[in-house]
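Listed here are the chains, written in short residue letters.
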Amino acid sequence: MTAPATPQTPQTASVKDSIEGRRAVRRYTAEAPSQELIDEVARLALEAPSAFNAQMRDLYVVTDDATKQALYEASNQRQFLEAPVVFVVAARTEAVTDDVEGLLGEQRAQVFASFRSGMSPEKLREASIKDAMLVAGFLLVAAQSVGLATSPTTGWDEEKVKEAIGLGGREDRAIGLVIAAGFPNESPAHPGRAESRLHRI
Ligand SMILES: Cc1cc2nc3c(=O)[nH]c(=O)nc-3n(C[C@H](O)[C@H](O)[C@H](O)COP(=O)(O)O)c2cc1C
């Protein structure tokens, strides 16, 4: 008897259940998520807020085997080979983007530009990485909510990841998180959280 296929229409679990139920999962079944499911996860992830709503980040959705192989070679992490889909969240580290006026309108774009023009390259990177990591966080919960498990990672060579997704040599891009995803084929236990990390002031 074969196991019933996982429902592939986006039936979303609650935010609470998605947050509590999410684990870092590195083994996936051979079943590929539908395009609809992948698109829904990407759409929800990009609902994350960003500074000025300037959206100084991009989401790359990788289903191509050669690119997954390159991500494996950038990291030595096998989940990128097994995962039917890998999401890469990249930060836009340039001071302003060409489309910022279209996104914000002339006046807000000017405020944004003057805000970013005073920033060092390190601060620009930090600000854009903040936008990127919010997308990554939303993505982990969104994926869980539609039944997909995820493996968030930062253990890779950033330049090699950039090369893998067509951003090789781009100094105006940085990588936030690389996230393998698929239907879970393992059930890791909750690793525990320290109460000492919560501070009530
Ligand atoms: C920023 C970040 C980087 C991580 N990097 C890796 C990684 O390179 N490889 C990996 O297998 N897991 C990685 N993890 C997964 C963590 O080990 C995992 O989230 C943590 O142990 C907590 O477990 P949980 O996600 O099941 O709650 C990373 C997680 C985060 C948030």
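Details of the structure are given in the entry above.
Residues numbered from 1 in each chain as written. Predicted model: local features only at pLDDT ≥ 70, side-chain atom pairs only at ≥ 80, totals over all residues. Heavy atoms only, no water.

A. Representation of the side chain of lysine 162 within the structure. With respect to the helices, strands and loops of the structure, lysine 162 is situated in helix 8 (residues 158–164). A polar contact is formed between the side chain of lysine 162 and the backbone oxygen of arginine 173, at a distance of 3.0 Å. Lysine 162 has contacts with Leu167, Gly168, Arg170, Arg173 and Ile175, leaving out every residue within four places of it along the chain. (Helix = DSSP H or I, 4+ residues; strand = E, 2+ residues; numbered from the N terminus. Polar contact = N/O pair within 3.5 Å; in protein donor to acceptor, adjacent residues only side chain to side chain. Contact = heavy atoms within 4.5 Å.)

B. Structural view of the site of the ligand. Of all residues adjacent to the ligand, which total 13 residues, the nearest are Arg22, Ala24, Arg26, Gln77 and Arg193. Note that an oxygen atom of the ligand is positioned 3.5 Å from one of the side-chain N or O atoms of glutamine 79. Contact with the protein chains hides 63% of the accessible area of the ligand, taken as 620 Å² for the molecule alone. (Near = heavy atom within 4 Å. Areas by Shrake-Rupley, 256 points an atom, 1.4 Å probe, with all protein chains shown as cover.)

C. Structural context of the nonpolar core. By size, the foremost hydrophobic cluster in this structure holds 25 residues, and its most contacted members are Val41, Leu59, Phe87, Val89, Leu139, Leu148 and Ile179. Elements with a contribution of two residues or more to this core: helix 2 (35–45), strand 2 (85–92), helix 7 (121–145) and strand 4 (173–182). Looking at which element gives the most residues to this core, the answer is helix 7, with 7 residues. Setting aside chain neighbours within four positions, we find leucine 59 in contact with Ala42, Ala45, Leu46, Phe87, Val88, Val89 and Leu139. Counting 19 residues, the second-largest nonpolar core is a separate cluster that includes Leu71, Ala83, Ala90 and Ala180. (Core = buried A, V, L, I, M, F, W, Y, C linked by side-chain atoms within 4.5 Å. Buried < 20%, exposed > 50% of the residue type's maximum accessible area, 1.4 Å probe, protein only.)

D. Focus on helix 3 (residues 65–73). For helix 3, the full list of buried residues reads Thr67, Lys68, Leu71 and Tyr72. Projection of helix 3 onto a plane perpendicular to its axis shows the buried side chains occupying an angular sector of 150°, all on one side. With respect to the buried face of helix 3, the exposed residues turned more than 90 degrees away are Ala66 and Glu73. In this fold, the buried residues of helix 3 make contact with strand 1 (57–62), helix 4 (79–82), strand 2 and helix 8. (Arc of directions from axis to C-beta.)

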